[in-house]
Amino acid sequence: MVTFVTRFDLRAPGATGRERSELYRRSIEQAAYLQARGRQPIMVSEHHASDDGYLPSPIPFAAAIAAVTTDVPITISALLVNFYDPIRLAEDLAVLDHLSGGRVSCTVGLGYRREEYALFGRPWETRGRDLEARLEVLLQAWTGEPFEHEGRTVRVTPRPLSRPHPFLMYGGGSVAAARRAGRLGLGFQPQHGDPALKEAYDAACREAGRDPGFVLLAPPGPATVFVTEDVDAFWERWGHHLLADATAYQGWHGENASYVLDASRTVEEMRDAGVYLVATPEDLVERCREGEVQLVTSHPGCGGLPSEPSWEHVRLLCERVMPALAPAAG
């Protein structure tokens, strides 16, 4: 089975204001195109204090996507809860849940960059405990019932459309993250496919008196896929955008493991590494049929890709790859 997802993070190193605005508009147009031609799930991401303009506000961006789509699932991954007031976050996500008809899910993240915690004046040392406390407030707020919060009685309205609340998962690449997800009763989406993380999550769920929830392990194969008519020309002309994306993530993650990381320092190294796959439609279809690619993660604006290669990729994926794999697509 092959699963498709399209991701937007709006990262564009060196972009002018007009170029960045075009990238935002283009992403919404592509979301509408995906609704019309492919109905691929869409994922939006969140980071802060990034020189390349990485998307810092995924909730309004997800709302914009919801406004131009009707039944495409939308995921915010990861939602960095420690940088929000939990009462306001409960309100914003409830409104988004109604606007989208319950189509938006969230993978909650702790965050791994000290710069982001410094930006919001949040303590780094207690981030795990702080996240759990905020999540408990969030879940309590969504009941619609009054409760005590910071010495006062509060009640959040409206309640979300989804019951008991919008679908939440917890993201992370450590045993501590797996156990936190199980303890809080959330699904779990680790950053890599280590089976030990699922085992830790399942055990934590049982210790908390509940059956294990949904776990989405990272599959084998490339982390990001691009489709083009001419692979060599794509790498030669646009490969530096992919390299910028890879080197930025490598600088952020350091020693943290993640299946999306590529340690390449040149475009030539990236072609051999295989984390970022560039393929013709026919080649990608064959790789999917052989089981080499099980998850096709499309990233049309990767590293600030301009409109020309971005749209070529989206159209080829929707018009030639997905129809060829339709019987096996998930």
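Computed from a predicted structure; not experimentally measured. Each chain carries its own residue numbering, running from 1 in the written order of its sequence. Reporting in this predicted model follows two pLDDT cut-offs: at least 70 for local features of residues, and 80 or more for side-chain atom pairs to be given and counted; totals over whole chains, interfaces and linings ignore these cut-offs and use all residues. The side-chain quantities take in all heavy atoms of the structure and omit both hydrogens and water.

In this section: the packing of aromatic side chains. To pair, rings of Phe, Tyr and Trp, with the six-membered ring standing in for Trp, must have centres within 6.5 Å; the planes then decide the type, stacked if under 30 degrees apart, edge-to-face if over 60, and tilted in the middle. Across all of its chains, the model carries 11 aromatic pairs by this definition. The interplanar angle of 70 degrees and the centroid separation of 6.4 Å between the aromatic rings of F8 and F61 together place this pair among those described as edge-to-face. Of the two residues, F8 sits in strand β1 (residues 3-8) while F61 sits in helix α2 (residues 58-67), which places them 53 residues apart along the sequence. Considered together, F8 and F61 belong to a single accessibility category, that of buried residues. Arranged with centres 5.6 Å apart and planes meeting at 85 degrees, the rings of Y33 and W311 form a pair that is edge-to-face. Of this pair, Y33 sits in helix α1 (residues 17-37) while W311 sits in helix α11 (residues 307-325), and the two are 278 residues apart along the sequence. Only runs of H or I of at least four residues qualify as helices and only runs of E of at least two qualify as strands under DSSP, and these elements are numbered from the N terminus. Relative accessibility decides the category of a residue: with a 1.4 Å probe and only protein chains considered, values under 20% of the type maximum give buried, values over 50% give exposed, and everything between is partly exposed.

The next thing to look at is the pattern of salt bridges. Oppositely charged side chains can form a pair if their charged atoms are brought close together. Here, a salt bridge means any Lys or Arg side-chain nitrogen found within 4 Å of an Asp or Glu carboxyl oxygen. Scanning all chains against the criterion turns up 20 salt bridges. With its nearest N and O atoms 3.2 Å apart, the salt bridge here joins R7 to D9. Taken as a pair, R7 and D9 share a single burial class, namely buried. Within the structure, one salt-bridge network assembled from shared partners comprises R11, D52 and D245.

For an α-helix the count is 3.6 residues per turn, leaving residues at separations of three or four pointing the same way. Of all the residues in α2, the buried ones are P58, I59, F61, A62, I65 and A66. Down the axis of α2, the buried set is contained in an arc of 160 degrees. They therefore lie on one face. Pointing more than 90 degrees away from the buried face of α2 are the exposed residues P60 and A67. Those residues of α2 that are buried are in contact with β1, α1, β2 (42-44), β3 (74-80) and α3 (86-100). The reported arc concerns the directions from the helix axis to the C-beta atoms and nothing else. It only takes one pair of heavy atoms within 4.5 Å for two residues to be counted as in contact.

Axis definition: a line fitted to C-alpha atoms, limited for helices to the stretch in contact. Angles are taken between N-to-C directions and run from 0 to 180 degrees. Closest axis-to-axis distance for the α2/α3 pair is 9 Å, and the angle between their directions is 10 degrees. Classified by the angle their axes make, α2 and α3 are roughly parallel. Contact with α2, carried on its side by I59, A62, A63 and A66, involves L89, D92, L93, L96, L99 and S100 of α3 and no other residues of that element. The nonpolar class holds Ala, Val, Leu, Ile, Met, Phe, Trp, Tyr, Cys and Pro. Asp, Glu, Lys and Arg form the charged class, and all remaining residues, Gly among them, are polar. A per-class count over the contact of α2 with α3 returns 8 nonpolar, 1 polar and 1 charged. Angles are sorted into four bins: roughly parallel if under 35 degrees, roughly antiparallel if over 145, roughly perpendicular if 65 to 115, and oblique for all others.

Okay, helix α5 (residues 127-141) next. Multiply 1.5 Å by the residue count of a helix minus one, and that product is the helix's expected span. For α5, which comprises 15 residues, the first-to-last C-alpha distance of 21 Å matches the rise-based estimate of 21 Å (1.5 Å per residue) to within 8%. The complete set of buried residues in α5 reads G128, L131, E132, R134, L135, V137, L138 and A141. Considering only its buried residues, α5 is in contact with α3, β4 (104-109), β5 (147-149), β7 (168-172) and α6 (175-184).

In strand β9 (residues 224-227), alternate side chains face the same way, and those of T224 and F226 on one face and V225 and V227 on the other are all buried. Sheet topology note: the β9/strand β10 (residues 276-279) ladder contains 4 bridges and is parallel. Its bridge partner being in β10, F226 is matched across the sheet by V278. For two strands to pair, DSSP has to find at least two bridges joining them.

The subject of this paragraph is the nonpolar core. In terms of nonpolar packing, the biggest core is built from 61 residues, with I65, I76 and L79 touching the most fellow members. Look past the residues within four positions of I76 in its chain and what remains in contact with it is V44, P58, I59, A62, L96, V104, S105, C106 and T107. The term nonpolar core refers to a set of buried residues drawn from Ala, Val, Leu, Ile, Met, Phe, Trp, Tyr and Cys, joined through side-chain atoms within 4.5 Å.

Moving on, we get to the environment of R39. Among the structural elements, R39 can be located in the loop between α1 and β2. On the accessibility criterion, R39 (48% relative accessible area) is partly exposed. The residues contacting R39, other than those within four sequence positions of it, are L34, D71 and V72. Within the structure, the side chain of R39 is placed 3.4 Å from the side chain of D71, a separation counted as a polar contact. For the purposes of these results, a polar contact is taken to be a pair of N or O atoms within 3.5 Å, where, inside protein, one atom must be able to donate a hydrogen and its partner to accept one; residues adjacent in sequence count only when each atom of the pair is a side-chain atom.

Judged by how many residues are buried, β1 sits mostly within the fold: 5 of 6 residues are covered. Sheet analysis places β1 next to strand β11 (residues 295-298), joined by 4 bridges and oriented parallel. Each residue of the ladder has a partner; that of T6, found in β11, is S298. Relative to β2, β1 runs parallel, the two sharing 3 bridges. Opposite F8, over in β2, you have V44 as the bridge partner. Here, the term right-handed applies to a crossover whose path from the first strand over the helix to the second runs clockwise when the strands point away from the viewer. Each parallel crossover has a hand, and the one from β1 via α1 to β2 is right-handed.

All right, on to the side chain of T69 then. Relative to the assigned elements, T69 resides in the loop between α2 and β3. Relative accessible area serves as the criterion here: at 6%, T69 is assigned to the buried category. A polar contact is formed between the side chain of T69 and the backbone oxygen of I65, at a distance of 2.8 Å. Of the polar contacts made by the side chain of T69, one reaches the side chain of R103; its length is 2.8 Å. Excluding residues within four positions of it along the chain, T69 makes contact with A31, Q35, I74 and R103.

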